[in-house]
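What follows is each chain in one-letter form.
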Amino acid sequence: MEPVAETERRHSIASLDSSIRKLEKTLTSVERKGSSTTVVSKRLKALRIGLSALHAVWENQAYPYSEQETSDAKEILTSLFPSLHAMAVKFKPGSSQATLLARRVRSLELAREALDEL
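Residues numbered from 1 in each chain as written. Predicted model: local features only at pLDDT ≥ 70, side-chain atom pairs only at ≥ 80, totals over all residues. Heavy atoms only, no water.

**Considering the packing of helix α2 (residues 38–59) against helix α4 (residues 96–117)**
Filter applied, for reference: For helices, the fitted line uses only the C-alpha atoms of the stretch in contact; every axis is such a line through C-alpha atoms, and the angle between N-to-C directions lies from 0 to 180 degrees. Secondary structure is summarised from DSSP: a helix means a run of H or I of at least four residues, a strand means a run of E of at least two, and numbering begins at the N terminus for each. We call two directions roughly parallel when the angle between them is under 35 degrees, roughly antiparallel when it is over 145, roughly perpendicular when it lies between 65 and 115, and oblique otherwise. What makes a crossing left-handed is the near helix being turned counterclockwise from the far one by less than a right angle; a clockwise turn instead makes it right-handed. Pairs of residues are marked as contacts when any of their non-hydrogen atoms sit within 4.5 Å. Gly is placed with the polar residues, together with every amino acid not listed as nonpolar (Ala, Val, Leu, Ile, Met, Phe, Trp, Tyr, Cys and Pro) or charged (Asp, Glu, Lys and Arg).
Put simply, α2 and α4 touch, their axes get as near as 8 Å, and they point 70 degrees apart. The orientation of α2 relative to α4 falls into the category roughly perpendicular. Judged by the twist between their axes, the crossing of α2 over α4 is left-handed. Residues Leu 47, Ile 49, Gly 50, Ala 53, Leu 54, Val 57 and Trp 58 of α2 form the contact with α4, whose participating residues are Ser 107, Leu 108, Leu 110, Ala 111, Ala 114, Leu 115 and Glu 117. Class assignment of the residues belonging to the contact of α2 with α4 gives a composition of 11 nonpolar, two polar and one charged.

**Some remarks on unusual backbone geometry**
Positive phi, normally seen in glycine, also occurs at Asn 60, with a value near 55 degrees. Inspection of the secondary structure assignment puts Asn 60 in the loop between α2 and α3 (67–88).

**What about the environment of His 11?**
Keep this limit in mind: Summary of the burial criterion: residues with accessible area below 20% of their type's maximum are buried, those above 50% are exposed, and those between are partly exposed, where the area comes from a 1.4 Å probe applied to protein chains only.
Along the polypeptide, His 11 turns up in helix α1 (residues 6–33). The exposure class assigned to His 11 is partly exposed, which follows from its relative accessible area of 32%. The sequence separation of His 11 and Ser 107 amounts to 96 residues, and the corresponding C-alpha distance is 7.8 Å.

**Some thoughts on the pattern of salt bridges**
What counts, and what does not: Salt bridges are identified by distance alone: a Lys or Arg side-chain nitrogen within 4 Å of an Asp or Glu carboxyl oxygen.
In this structure the tally under the stated criterion is six salt bridges. The partner of Arg 106 in a salt bridge is Glu 2, and the shortest N-O contact between them spans 2.6 Å. With Arg 106 in helix α4 and Glu 2 in the segment before α1, this pair connects stretches of sequence that are 104 residues apart. With its nearest N and O atoms 3.0 Å apart, the salt bridge here joins Glu 69 to Lys 45. Of the two residues, Glu 69 sits in helix α3 while Lys 45 sits in helix α2, which places them 24 residues apart along the sequence.

Read these as layout, nothing more, since geometry by itself doesn't imply function.
Encoded structure:
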């Protein structure tokens, strides 16, 4: 994995934490409505695995996931990029939304790289 500045590491971890919290709220909302939770649950698990991979690579923390879970997480994280890139064109360059989205995309790229390394 490429060297990553400490600031970018902190931003990436914070971005993934934020994404996880948002998906946890979404999951609760979807469960209350009685809708299917499959997609949200899979994305939430993939983000948690990606975050764990970053901690494992950058901080030498334990990585408790199997090869199959890692492979599934990489696939799910990769599938998020087209919709994120489509959202990017809707935001004014330099806006706070564009900055947050850029950080989210970068954090997912780094998580995917970390999963590749594991």
